[in-house]
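Each chain is listed here by its residues.
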Amino acid sequence: MSLDENCIFCKILRGEIPSDKVYEDGDMLAFRDIHPQAKVHVLCVPKSHFSYLSEMGEKERGLVGKCMAKLPEIARLAGIEKGYRVIINQGEDAGQTVFHLHIHILGGQNMGEKLL
Ligand code: DGP
């Protein structure tokens, strides 16, 4: 896996910063968000550093696909299999603050008004 020296999620992947782990395999780590925006808020982080969807090469595409395929199991482990919202904040206009691509999984409550 290629990681970035200064990226906060890479530090979590390297175990330098602790995280409340929900799921891990060779391709991804899922852990609870430090600033939860719902009763249950888990982040799924691929084990390769890239900032944006637009930076996905062949390898990263495969990794993100594996993350997406694993979301139902991660949701089940987090106890929110009845329903959850999946979000990727892409770029600063969308409010992305950590520039290591990650998938938000939110649930454990009525998720309220939908954007679409
Ligand atoms: P985004 O805004 O889409 O880039 O989401 C970044 C999320 O990462 C934000 O909801 C807060 C979370 N976060 C930032 N730093 C840490 C950390 O050190 N630990 C954990 N568990 N979550 C973090």
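Everything below is about the structure shown above.
These notes cover the structure that comes with them. (Residues numbered from 1 in each chain as written. Predicted model: local features only at pLDDT ≥ 70, side-chain atom pairs only at ≥ 80, totals over all residues. Heavy atoms only, no water.)

**Side note on the side chain of Ser 51**
Relative to the assigned elements, Ser 51 resides in the loop between β3 (40–46) and α2 (58–77). Overall, Ser 51 belongs to the buried group, its relative accessible area being 14%. With sequence-adjacent residues up to four places away left out, Ser 51 is seen in contact with Gln 96, Phe 99, His 100 and Leu 101. (Helix = DSSP H or I, 4+ residues; strand = E, 2+ residues; numbered from the N terminus. Buried < 20%, exposed > 50% of the residue type's maximum accessible area, 1.4 Å probe, protein only. Contact = heavy atoms within 4.5 Å.)

**So, the pairing of strand β1 (residues 21–24)**
Bridge count for β1 against strand β2 (residues 28–32) is 3 bridges, and the pairing is antiparallel. When the sheet's bridge partners are listed, Tyr 23 is paired in β2 with Ala 30. Connecting β1 to the next strand, β2, in antiparallel fashion are 3 residues. (Pairing = 2+ DSSP bridges.)

**A closer look at the site of the ligand**
Close to the ligand lie 15 residues, the nearest being Arg 32, Asp 33, Asn 89, Thr 97 and His 104. Between an oxygen atom of the ligand and a side-chain N or O atom of Asp 33, the distance comes to 2.5 Å. In this structure, an oxygen atom belonging to the ligand sits 2.7 Å away from a main-chain N or O atom of Thr 97. Where the shell around the ligand is concerned, the elements lending two or more residues are α1 (8–13) and β2. Ranked by residues supplied to the shell around the ligand, first place goes to α1 with 3 residues. Among the residues forming the shell around the ligand, the class breakdown is 7 nonpolar, 6 polar and 2 charged. (Near = heavy atom within 4 Å. Polar contact = N/O pair within 3.5 Å; in protein donor to acceptor, adjacent residues only side chain to side chain. Nonpolar A, V, L, I, M, F, W, Y, C, P; charged D, E, K, R; others polar.)

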